[in-house]
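# Descriptive analysis of the structure
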Amino acid sequence: MNSGALRRLYGLLRKESLQIWRDPSALAIAFVLPAVLLLIFGYGVTLDARNVPIALVVQKPSAISSSFTSQFSHSPFFRPQRFLTIQGAERAMAAHAVQGIVWLPSDFARRAEAGGNAPIGVIVSGVDANTARIIEGYVQQVWATWLTARAKAAGGGSALPFSVQPQVRFNPAVDSRDYLVPGLIAMIMTLTGALLTALVIAREWERGTMEALMVTRVAINEILLAKLIPYFVLGMGGMAGSVAIAVFLFGEPLQGSIWVLTATSALFMLAALGMGLLISGFARNQFVAGQIAIITTFLPAFILSGFVFDINSMPRVVQIVTHVVAARYFVVILQSVFLAGDVWSVILPNALALLVMAAIFLGLARGTARKRLD
Amino acid sequence: MIRQIMALIVKEMLAVLRDAKSRMVLIGPPLIQLLVFGYAATFDLNHVPVAIYDQDPSQASRELVAQFLGAPTFRLVAMLRSPSRIDELIDSRQVQLVLVIDRRFTRDLLTGPPAPLQAIVDGRNSNTALLIEGYANTILNDFSLSWSAAHGRPAPPAVLDMRARFNPTLRSRWFIVPGIVALLTQVVTLLVVGLSVAREREAGTFDQLLVTPMRPIDILLGKGLPGLLIGLFEASVIIAAAVLWFKVPLRGGLLPLYLGLVLFVTAVTGIGLAISALAATQQQALLGAFLFMVPSIILSGFATPIANMPVWVQDLTLINPMRYFLAIVRSVFLEEASVDALAGQYWPMALIAVASLATAGWLFRKRVT
Amino acid sequence: MPAGSPTGHAPQPALSLADVRHTFRAGKRVLTALDGITAEAARGAVTGLIGPDGAGKTTLMRLIAGLLRIDAGRIEVLGIDVARNPLAVQARLGYMPQRFGLYEDLSVAENLDLYADLQGVPRGERTTRYAELLRMTGLASFTARMAGRLSGGMKQKLGLACTLVHPPDLLLLDEPTVGVDPVSRRELWQIIDHLTREAHMTVVFSTAYLDEAERCDSVLLIHEGRLLGHGKPGQFTAEMAGRSFFATASLGRRRLQARLAQAPGVIDAVIQGSRVRVVRAEATPPVAAGLVAEAPDLVLIPTPPRFEDSFVARLRALDTTPAPPPSATVALPPTTPQMPSGDVIAIAHLTRRFGTFVAVDDVSFTVARGEIFGLLGANGAGKSTTFRMLCGLLPPSAGTLRVAGFDLRTAAAPARGRIGYMAQKFSLYGDLSVAQNLRFFSSAYRLRGARQRARIAWAETEFELGARRDATARDLPLGFKQRLALACALMHEPEILFLDEPTSGVDPLARREFWRRINALAEAGVTVLVTTHFMEEAEYCDRLVIMAQGKVLAAGEPEAIKRAARTEARPDPTMEDAFIAVIGSPRQPAHAA
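Predicted model only: the values in this text are computed from it and were never measured.

Next up on the list: the interface of chain C and chain A. Every contact between the two is made by 33 residues of chain C and, on the other side, 27 residues of chain A. Seen at the junction of chain C and chain A, the total is 3 salt bridges. Taking the shortest distance from any N to any O, the salt bridge between A:E211 and C:R62 comes out at 2.9 Å. Every element with two or more residues in the side of chain C that touches chain A is listed here: α2 (86-91), β6 (93-96), α3 (108-118) and α4 (123-137) of chain C. Looking at the side of chain C that touches chain A, the element that brings in the most residues is α3(C), giving 6 residues.

Counted under the stated rule, the structure contains 10 cavities of 30 Å³ or more. Size it by volume and the largest cavity reaches roughly 690 Å³. A:F298, A:L299, B:Q33, B:F290 and B:I297 are, among the 32 residues lining the largest cavity, the residues nearest its centre. Of all the secondary-structure elements, those providing two or more residues to the lining of the largest cavity are α2 (24-44) and α11 (286-303) of chain A together with α2 (20-40), α7 (173-203) and α11 (282-298) of chain B. The biggest single contributor to the lining of the largest cavity is α11(A), with 8 residues. Residues of the lining of the largest cavity, tallied by class, amount to 28 nonpolar, 4 polar and no charged. Of the pockets and cavities examined, the second largest cavity occupies roughly 140 Å³. Mapped onto the lining of the second largest cavity, the elements with two or more residues apiece are β12 (266-272) and α15 (508-523) of chain C. Looking at the lining of the second largest cavity residue by residue, the class counts come to 4 nonpolar, 1 polar and 7 charged. Residues lining the lining of the second largest cavity come from more than one domain, with at least three contributed by each of domain 2 (240-318) and domain 3 (343-552) of chain C.

Let's shift gears to the interface of chain B and chain A. Facing 105 residues of chain B, the contacting portion of chain A comprises 94 residues. Both faces considered, chain B and chain A share a buried interface measuring about 8800 Å² in area, 63% of it formed by carbon and sulfur atoms. The largest per-residue losses of area from chain B upon contact with chain A belong to B:R124, B:P157 and B:L160, which jointly make up 8% of the total buried on that side. The interface formed by chain B and chain A holds 1 salt bridge in total.

Further remarks concern the sheet that holds strand β5 (residues 80-81) of chain C. Read from one edge of the open sheet, 4 strands run β2-β1-β4-β5 (chain C), paired in antiparallel fashion. For this open sheet the edge positions go to β2 (29-41) and β5 of chain C, each flanked by a neighbour on one side alone.

Our focus in this paragraph is the packing of helix α9 (residues 216-244) of chain B against helix α10 (residues 254-278) of chain B. All names here are of chain B. The geometry of α9 relative to α10 is characterised by a closest axis approach of 9 Å and an angle of 135° between their N-to-C directions. In this view, α9 runs oblique relative to α10, as classed from their interaxial angle. In this structure, the crossing between α9 and α10 has a hand that is right-handed. Facing α9, whose interface residues are L220, K223, G224, G227, L228, G231, L232, A235, S236 and I239, α10 presents L257, Y258, L261, V262, V265, T266, T269 and L273. A class-by-class count of the residues in the contact of α9 with α10 yields 11 nonpolar, 6 polar and 1 charged.

This part takes up the domain arrangement of chain C. Put simply, an interface is often sized by how much accessible area is lost when its parts join up. Residues and elements named next belong to chain C. Domains assigned within chain C are domain 1 (15-237), domain 2 (240-318) and domain 3 (343-552). Relative placement of domain 2 and domain 3: their C-alpha centres are 28 Å apart. With 14 residues of domain 2 in contact, the opposing surface of domain 3 contributes 13 residues. Seen at the junction of domain 2 and domain 3, the total is 3 salt bridges. Among the salt bridges present, the one from R512 reaches D268, with a minimum N-O distance of 2.5 Å. Taken together, the connections running from domain 2 to domain 3 amount to 3 residue pairs in polar contact (both at pLDDT 80 or more). Elements represented by at least two residues in the side of domain 2 that touches domain 3 include exactly α8 (253-262), β12 and α9 (307-318). Of the residues forming the side of domain 2 that touches domain 3, the biggest block, 5 residues, is contributed by α9. For the side of domain 2 that touches domain 3, the class distribution of residues is 5 nonpolar, 3 polar and 6 charged.

A few words on the sheet that holds strand β13 (residues 275-280) of chain C. Residues and elements named next belong to chain C. One open sheet accounts for 4 strands, arranged β12-β13-β11-β14; its pairing is antiparallel. Of all the strands in the sheet, the pair left with one neighbour each is β12 and β14 (299-302). Across the sheet, the mean angle separating the axes of adjacent strands is 30° when strand polarity is ignored. Sheet topology note: the strand β11 (residues 244-248)/β14 ladder contains 4 bridges and is antiparallel. Residue pairing across strands places F246 opposite I301, the latter belonging to β14. Sitting on the sheet, α9 touches β11, β12 and β13, and the angle it makes with β12 is about 140°.

It is worth spelling out the packing of aromatic side chains at this point. Enumeration according to the criterion identifies 28 aromatic pairs over all chains in this entry. Measuring from centroid to centroid gives 6.5 Å for B:F206 and B:F364, while their planes differ by 85°, and the two rings are edge-to-face. Residue B:F206 is found in helix α8 (residues 205-210), and its partner B:F364 is found in helix α14 (residues 343-368); the two are separated by 158 residues along the sequence. For the pair shown, B:F206 and B:F364 are each scored as buried. With a centroid separation of 4.5 Å and 40° between ring planes, the pair formed by C:W189 and C:F205 is classed as tilted. Of this pair, C:W189 sits in helix α6 (residues 182-197) while C:F205 sits in strand β8 (residues 202-207); the two residues are 16 residues apart in sequence, bridging distant segments of the chain. Side by side, C:W189 and C:F205 carry an identical accessibility label, which is buried. Taken together, the aromatic side chains of A:F68, A:F72, A:F77, A:F78, A:Y138 and A:W146 make up a single cluster linked through ring pairs. In this arrangement the basic side chain of B:K11 is found over the ring face of C:F440, its NZ or CZ atom lying 5.4 Å from the centre. In this arrangement the basic side chain of C:R483 is found over the ring face of C:F480, its NZ or CZ atom lying 4.3 Å from the centre.

Residue and element names in this part refer to chain B. Look at helix α1 (residues 2-18) against α7: their axes get within 12 Å of each other, and the N-to-C directions meet at 85°. What the angle tells us is that α1 and α7 run roughly perpendicular. Residues K11, E12 and V16 of α1 pack against S196, R199 and E200 of α7. The residue makeup of the contact of α1 with α7, split by class, is 1 nonpolar, 1 polar and 4 charged.

Cut-offs used in this document
- Residues numbered from 1 in each chain as written.
- Chains lettered and ligands numbered in written order.
- Predicted model: local features only at pLDDT ≥ 70, side-chain atom pairs only at ≥ 80, totals over all residues.
- Heavy atoms only, no water.
- Contact = heavy atoms within 4.5 Å.
- Salt bridge = Lys/Arg side-chain N within 4 Å of Asp/Glu carboxyl O.
- Helix = DSSP H or I, 4+ residues; strand = E, 2+ residues; numbered from the N terminus.
- 1 Å grid on protein atoms, 1.4 Å probe; cavity = no way out; pocket = protein on both sides within 12 Å on 5 of 7 lines; lining within 4 Å.
- Points joined across faces, edges and corners; volume = space filled by probe spheres on them.
- Nonpolar A, V, L, I, M, F, W, Y, C, P; charged D, E, K, R; others polar.
- Domains from an automatic or database assignment.
- Buried area = accessible area lost by both parts, 1.4 Å probe.
- Pairing = 2+ DSSP bridges.
- Axes fitted to C-alpha atoms, helices over the stretch in contact; angles between N-to-C directions.
- Parallel < 35°, antiparallel > 145°, perpendicular 65-115°, else oblique.
- Left-handed = near helix turned anticlockwise from the far one by under 90°.
- Polar contact = N/O pair within 3.5 Å; in protein donor to acceptor, adjacent residues only side chain to side chain.
- Phe/Tyr/Trp six-rings, centres within 6.5 Å; stacked < 30°, edge-to-face > 60°.
- Buried < 20%, exposed > 50% of the residue type's maximum accessible area, 1.4 Å probe, protein only.
- Lys NZ or Arg CZ within 6 Å of the ring centre and 35° of its normal.

Quick look at the structure:
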C-alpha cells in the first residue's frame, strides 16, 4: 500500500471515528444496548425451576406417607401445598396455583407395607413441557432419596438394586444463567458487527456521501477497510464491556484464558462485519438494511446457534442449516471458555470454522462491492 | 365522522397491501419466524450423543445398555474400554453424557449394597444437563424395577406413576407454537401501527391529513383500526397453521381465544400508536418498536417461565400485555380453558389497553396538534 | 435546430458524449433515462445541463463520473474512455452530488481535511490551499462549525470547496443551486466564473432553473432523456428574436393572459408584473389588432427574448396534444362565501422559536379575498414555518393569526373544510391509484353520495386524469402528480388555497398550466397563498412578501418591489435583482486571488 492509499485510509478512519464519537445512536447500539440486554437476560431469563408450587394429596395420613411427604418440605425445589382431595388439587392446577400434583391414594400405606410397589400418582401440567420434565426429574430424585433413607433406617438392603451418582461437569450447580450469559455475548457482537455496520453504510448511501466518496481517488478496498477497522474496535470494546459485566456483576467463572477469548472474538467479529458489509452492498437504505440484518443475522444467532435451544435436538435439516450460522461456532467456544477452560479440541475446530466464515463473508463483501452506484 | 374513519381505514389497508415493502413485512418475516421457531426452537431431547464405559461386561450390564439405547433420546457414540477418553469426549463436546458401569456392578446387583452407576454430564448447557439427568434416571429406574421383579429382590414400598396432563408426551412444540401466535401478532401489529404515522410524515401526507376536517381522534382511530384488523388476520393465519400444519390440538373454544386476542391486539395497537406519535421517521419508529419488543418478549414467559424470574422482575412483567395473552393462548389450546377461568388474564389486559390508548391519544394531541 | 453542433473548436473537448443511452429497471418496467445524447463540452468553459426534474441530468452526471455503467454509447473525459478506465477519470474529476456530499456531523475543517486526504493533497500545501478556498467561499470564520448547522448557501460552498481541495480538470456540479437563496446563487456563479476564466477549469453544471442558462458558455437542453438543443445560449435566444412582446390592455392582466394564451399564433403568455409577456409562433411586427377580440386597447411592446422562450417553443413543437380546453370549468363558484369583506388572512407579530433559534421573527401581513399572495424566500428563510402556522400545523410562539376569521389550530373541524392545502413535493399516497387518492381526499373532506361522485368526475375531466385513473400515484410523471395534488386540494371547493412550493421541478409547460388554473380560481374569488423560491413566480402574485432569516424584508406588489430596486445601471430589474437589493449587497466579495 503506497503512501497515498495510507493517507486516504487515515482520512477515512479519522472521519469514521469522529462520526461514531458524535453519533449517540452508534454508541447506544455498541454499549448501552449490550448492557441492557445483559441485564434483562441475566435477571429475566432462567430455566431453573426453584420453589415449584406443588399439591400434596394424602388421603389417609400414616407414618409411611408422612415420611415420604416430609421429603418435599425439605427439598429446595418444591413449595408443597396440602390438599385433602384430589379434586381440590386438580382445581388448583387448573387455576395455575400449582404446577404438579403428588397423590398418595387411601390404600397407599396398606399396599406399601404389604407387597410394596404402592403407586404414587404424579401429575404434572404439560403445558410448559420443559418445566414439566424438570419437575418430573426432581420428583424422581425425591423418591430415590426417600427409598435410600428408608432402607438405611431399616438396616436392610436397598430397595433399588443400583444407585446412580450424577456428576455434572463444569456447572455443578446447574445454573442456567452460567450458560446463557456467555452465549449472549455472541448476540451482542452480532448487533454491533452486522446490524450497526449495515446501518452506517446505508446511512452514507441515504445522505449521498457515498456518492461523493466514490468519485474521489479512494479505492474500494480503502472504503471497506475504513468501515471494518473502527467497527471492529467498537465491537471488541462492546465485547470487553460485556465480559466485564458477566464476570463482575453476574460472577460468571471465566475458566479459560482471556487471550483465547479475545482471539476467537476477533474472528467472530470479522465474520459479523463481513455479513454487515455484504448486507450493505445491496440494502441502500437504513430501513431495509435493518430488516435484513435482523432476519439474516440476529434471529439465526438467537435461535439456531445453540444459545438457548440445543442444536442436537433440532430436526436434521435444521441442523444442517445451522452450519452456516457463524454464531453457532462462537457460542460453543464461549460456553467452553467460560465454563470449562481452554479446551483445544473445542476451540480449534470451531475457530477454524469461524476463520472460514470470516473469509467467505469478507470475500463476498469485497467481491460484490463496486465503485459504482448500479 | 364514521365515513371519514372508514375512508381512512380503506386507504390505510390499500397503502399497506399495495406497497411491496409493507407486504414483505407482513408476509416474509412472520413466515420465516413461524418455521424457524416451529422447527428449531425445541427443548425436547433427541439423539443426545453418549458414551458408555462398561467395566463389567456381563448379561446384566448388556441388558441395561440395551434398555438405555432403546429410546430415541440417546445416540451411542463410543463404547469405551478405558477411562482415559472420558474427559476428552466430554470436553470436546463429542458426547454430552458418559455412563460408567462399575466393576462391582453385577456382584452388587445380586447381593449387598446398591450397585454403583456413574452418569457424567456436560453442564455447559445446564438445561440440557438437567433434562439428560431426568431422562437417564427414568430409564434406569424402570430398569431397576423390572430387574428387581425378575430376580426376586424385594419390591420398593412405593413406585412413581407419572403422568402429564394436557400434553402427555411433553412435546415442547405444543408449548412453543401457541406462543408464536402471541409473538408474531405482537410483532406485526406493532410494526404496522408504529410505522404508519412515520411513513406519512416522511411522505409529507400527514400534514395534508391534519388540515382536513378530521379530528385527531378520527385520525387515531383510522390509524389504529387497520392495525387491529391486520393483527387479527395475522393471528388467525398462525392459529390455523398451528392446528393444521404443526398439529397442536386446539381444545378450547374460539370465543375465549378471540376475546383475549382482541384485547391483546388493542393493547399492542395502543403501544404502537404511542410509538407512532413520538417517532418522526420510520427509522425511529423501527427502533422504538424494537426497544419495546425485545424486553416484552423476554419477559413474557415465551421461552422461559416467569415463575423462575426474581420477584422484582416478576412484578415488572405485570405491565406486559403479552404475558397475559400468552397464558390465554396456551390455556385455550391445551387446557380447554373457558372465559370464566381466564377472567384473571382478561381484565389486566383490558386495563393495559385502555391505558395505552389513552396515552397514545394524549401524545397524539400533544405532538401533532 | 442545431442540435449536436459543437460550440468550441478546441483541439480536444474536455468531455464528449456519443449516443449515450441509459435505462433503469423499476420493478417490471424499464425506464429510459437517457435516449441517445451526443454532445461536447469545450475546455475551460461552463457547460450547462438544463432541464426539468426527471430529464436525466443526474443520470448523465453520474455516467460522466463513472458511477453508473453505460448501456450504450461512449463517454470520453479529457480523452479517456470512462467505461474503460473510471479510476483515471476520477483522479482528474471533481464532482459535487446533489446534496453536496458533506458529512453533516463533521466540522467545516474536518470535511476539508477528509477530502484533502482522499484527494492526496500534500500536508504542506494545505494551509495555503485552505486559506484560498475559505476566502473564496467566505467560510473562513466558520471552520469549527458542524456542516449540518450551516445554511443552504454555505453548505453549497463548502461542498464546492471540498471538491476543489485538489483542483480538478473537470468539475461536475449537480444542481448546486436548488433551494439556495439568490445571493448565494450569484456568489456561486462568481466563483465558477473565476474558476473557468482564471484557473481554466472546465465546469459542467446541471440546473432546473432556466434563467441560469444565460450564464453558461454552452447549453445542453435536456427533456425526458432527449437532447432538445445544444449550443451557445445566444443561439437559443437568437432563434426567438422578434417573437416576444409585453402586452397591456384595460382588460386586467389575468383575463388578458387567459385570452392571449388561447389566441392564434401565440405559443406562450405569462403574467409579468402588470403586463403579460407574449411569445408568438413566428417573428411578427408588434401588431395587436385582432389578436384578442375582448381587448380592443391591446398594446404590444417588443422585448428581448429569453432562454425560457426557446424551451417553451421547442416543447410546444414536441407537444402534439391539442391545447388545453378553455378554463371555464376551473372557475368553481365558491359556495356562497360568508366572508367578512376585506381581509381573509391576517397575521400580526407572528413569531416562532425552536429552542433559541428564531425561525419566524415578528411577521405581519394581511391577504384580501381573491388575492394571490406570495411568500418568497430561500430554503430556511422562514416561509415554510409561517405557512405551517397559518395552516394550523404548528403553534406560534407569539403573535396572532386569523384565517377566514379562525385560528385553524383551535378552530372546530368544519373551519378546516374551508381551506385547501397542497403540500410540498405534491404529497400524495404513492401506493394508491389516482382514483383511490381522489376518493380518499374527498371523503376526508366529508363529501358523500352524488356530490362526491360529481366532484371526482369533475377532477378526472378537468385535470385530464381520467385515462390514468388506475395508475399508481407514485408512477405518475411529475406534471400529473402536481395536477392530482391540486385536484385533491380542490375536491371540497375551498375558499382559501394554500400552496407550498407548488411548481418546483416541473417543466415550463406544466408550470404555465398550473398557473392558468390558479388564476382562474383567483378570478372566481378564491384566496390563494403560495410559497416559492422561484423568483419568476412572484410575478403571478398580486402581492408578496420577501423573507430572509425569519424576517419580512419587503412587502407589496411585485412591480413596486421591483421599482424600489431600480438603479441607474439597472433600469428594469428582475425579481431576483430586487431580492438581492432587498437582502443587501452580496455579503462577501467572492473574488479570490
